[in-house]
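# Tertiary structure, described
Single-letter residue listing:
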Amino acid sequence: MQPLLLIASFVLAGSYVLYRTLRPKRSANPDGLLDPPSAFYPLPYFGCALAYGADPGKFGRENELRHGPIFATKMLGRKATFVTSAPVIAALYKNSKAAQHDPIRQEIPIRMFGIAPYAVQHERLPYDGFPLFDKALSFTSVKPLSAAFSQHFWKRLSGTDAFQKTLPGGTSTIRFTRFLFPLVFAATCEVFLGPRFDADGAYADFEVFDEQIFKFLAGVPPAMAPAAFRSRARVRDALSAYLTSAWTPDAGEEHGGFLADASPLLSELVGRFHGWKFATDDQAGHLLSIIWGFQPNLVWTIYWLFLHVLQDETRTARLRAEISTAMTGVFNSDLKQLLAAEPAVFERKEFALLSSALNETLRLCGSATSMRRVVEDFVITAASTKGQGEPTAYLLRKGEDAYAITRTVHMDPDLYENPETFQIDRFLAEDGTCTRKFYKNGKHVANNLMGWGGGVSKCAGRYYATHAVKLCVILMFHHFDIQHTHNCTFDGRQQTTAAVPDMDMSRIGMLTAKADVVLSLRRLV
Ligand code: HEM
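Residues numbered from 1 in each chain as written. Predicted model: local features only at pLDDT ≥ 70, side-chain atom pairs only at ≥ 80, totals over all residues.

Stated formally: UniProt positions are given in the numbering used here, feature names are shortened, and annotations may be inferred rather than shown by experiment.
Under an unreviewed UniProt entry, the name given to the protein is Cytochrome P450, and the organism recorded is Calocera viscosa. Turning to the protein, the UniProt record has this under Cofactor (unreviewed entry): "heme".

Structure representation (structure tokens):
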């Protein structure tokens, strides 16, 4: 053991000396600008990848304490600059000309979804492909899609045993993720792809693929993750079969055909894929990326919102009261009116507590990182995290990657009191609306909540997702008395209080749970 320790000490000491010798000097630029302070991760090639990948929020927080809200290191062979405070993240988002998202969008899908490079890097994709989502999912255009979600989700929910085999007054017991996640998956697939895609058949493989997504992100070869690659291949095969059967040639259409029974958004997109001569398999890879974009974030948001509310009787009672009042006051106790509601209705004051609960869930249970490639040198000015002293100007250099870690802002105790605690009404202003403003060191922080990311890559689906989360919560509370059973976790441990499982901190986006829970649903209506 001792010789091993000795060798390890030599390697570490050697790495440190090398690092001190080779690291970029902070005042090397002739114009007096500083390089961001360097964080020390000596592992060759990987650099900070292990520490960052294990828990991006903790990685950001620890380095912020040591170096301030901007620091640089190496990750997977590239120089990476990380920004962690609200104003510096805002500055990074703002300069979308120098710090671009498109180069990242043209790399990651190759690894994650197995799309061939030509179909990810097609020159028209950033202009005629991705913007279709921004257009169809904007606040003013999203209504047909959100209304379709309401219909499909209700059809699925009312088809479960909790309705079909349980009369009002009766109770059923559900394992929460097993119950909820496939319903949301099927409903959203129906909204976007239509009924021809076998969502039920594809769900199990999709779930395995999603659970193993980090392996694709890290570029692990198929031999090291055979199950993940097999599942991904099966979902893509299902999507290819769907594309083959649903694509209907029609000379009268702009792109030579349409996707039968699908949303206009997907039909238009696939039409453009045909125009660009993408192989069916690569089209399927794109569809997989779209499904992956909506499913995990959406279902884990719903999951955490429910569990944090149910953990506390007062929270549950307050939210139940809001929903009950709105059911009569806004929807005249008519389910059809609820299902027909457009997203703007759920933004009203009558749903302020629900809006606040959603924001609090995004804050506490999300870990979004926005990635950018620096394509021209630019300067970011950073004040110290505590707001003392003169701000410092740092140079970000062409060719490096820049990462905005949002969880450091969401868990900042100077911005959010007791940041580890779920406070259902945290976002309520004094007038009862969900518009509270947040301050740090006496200054208003406009981008205090970045659960949807920000800048040019801000979640295009946020209005659809907000609608879907709220509808799901309202439908469930309206129909069921939901109890968070105390002996509920599936890891075999008995719980003495209503448990909220630990979060898997290694995820990017909404965090996942380390255990499922069992809930009892007593049917009310
Ligand atoms: C509560 C659920 C959701 C959360 C928390 C969420 C969050 C995010 C985040 C953090 C990003 C990356 C932002 C960045 O890099 O700065 C993103 C991107 C995106 N999301 Fe969502 N999302 C959710 C649901 C959805 C849904 C349901 C859809 C589609 C209907 C969707 C569509 C997209 C798209 C298209 C992008 C890429 C935007 C771009 O790169 O231009 N999201 N989302």
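Additional details are given in the paragraphs that follow.
### Looking at the overall build of the protein
We count it as follows: Note on conventions: DSSP H or I runs of at least 4 residues are helices, E runs of at least 2 residues are strands, and numbering of each starts at the N terminus. Our contact criterion uses C-beta atoms placed from the backbone: two residues qualify when those atoms are within 7 Å.
Secondary structure summary: the protein contains 23 helices and 18 strands in total. Here the C-alpha coordinates of the protein stretch approximately 75 × 60 × 50 Å along the principal axes. Here the analysis covers contacts within the protein between residues at least 6 apart in sequence; of these, 72% occur between residues at least 24 apart.

### Points about the site of the ligand
Quick note on the threshold: Placing the C-beta atom from the backbone, one calls a residue near a molecule or strand if that atom lies within 6 Å of it. Gly falls in the polar group here, along with every residue not listed as nonpolar (Ala, Val, Leu, Ile, Met, Phe, Trp, Tyr, Cys, Pro) or charged (Asp, Glu, Lys, Arg).
Near the ligand there are 26 residues, and of these Asn297, Ser370, Gly453, Cys459 and Gly461 occur at the shortest range. Take the shell around the ligand: its biggest share by element is five residues, from helix α17 (residues 280–310). The residue inventory of the shell around the ligand, partitioned by class, reads 14 nonpolar, eleven polar and one charged.

### Points about the sheet that holds strand β2 (residues 78–83)
For the record, the criterion: Paired strands are those between which DSSP finds at least two bridges. Axis definition: a line fit to C-alpha positions, over the contact stretch in the case of helices; interaxial angles, taken between N-to-C directions, run 0 to 180 degrees.
Judged by pairing direction, the sheet is mixed, and its five strands sit side by side in the order β1-β2-β11-β8-β3 without closing on themselves. In this open sheet, the two strands that pair with only one neighbour each are β1 (70–75) and β3 (99–100). In terms of strand pairing, β3 meets strand β8 (residues 369–374) through two bridges, oriented antiparallel. Within β8, the residue paired with Gln100 across the bridge is Arg373. Taken strand by strand, helix α3 (residues 56–67) contacts β1, β2, β8 and β11 (401–405), and its axis lies near 100 degrees from that of β11.

### Considering the sheet that holds strand β4 (residues 171–175)
Pairing is antiparallel in the open sheet, where three strands are placed in the order β4-β18-β14. The outermost strands of the open sheet, each flanked by one partner alone, are β4 and β14 (480–484). The sheet shows a mean angle of 25 degrees between the axes of neighbouring strands, direction not considered. As judged from the five bridges shared by β4 and strand β18 (residues 518–523), these two strands associate in the antiparallel manner. Each bridged residue has a counterpart across the sheet, and for Thr171 the counterpart in β18 is Arg522.

### Section: α3
The condition is simple: Multiplying one less than the number of residues by 1.5 Å gives the expected span of a helix. Field definition: a residue is buried when 20 or more other C-beta atoms are found within 10 Å of its C-beta, exposed when 12 or fewer are, and partly exposed for counts in between, with C-beta atoms placed from the backbone. What the arc measures is the spread of directions leading from the helix axis to the C-beta atoms.
With twelve residues, α3 should cover 16 Å at 1.5 Å per step; its first-to-last C-alpha distance of 16 Å lies within 8% of that length. Within α3, the full set of buried residues consists of Pro56, Gly57, Phe59, Gly60, Asn63 and Glu64. Looking down the long axis of α3, one finds its buried residues gathered within 160 degrees of arc, a one-sided arrangement. Residues of α3 that are exposed and angled more than 90 degrees away from the buried face: Leu65 and Arg66. Gly68 sits one or two positions beyond α3 and adopts a positive phi of about 100 degrees.

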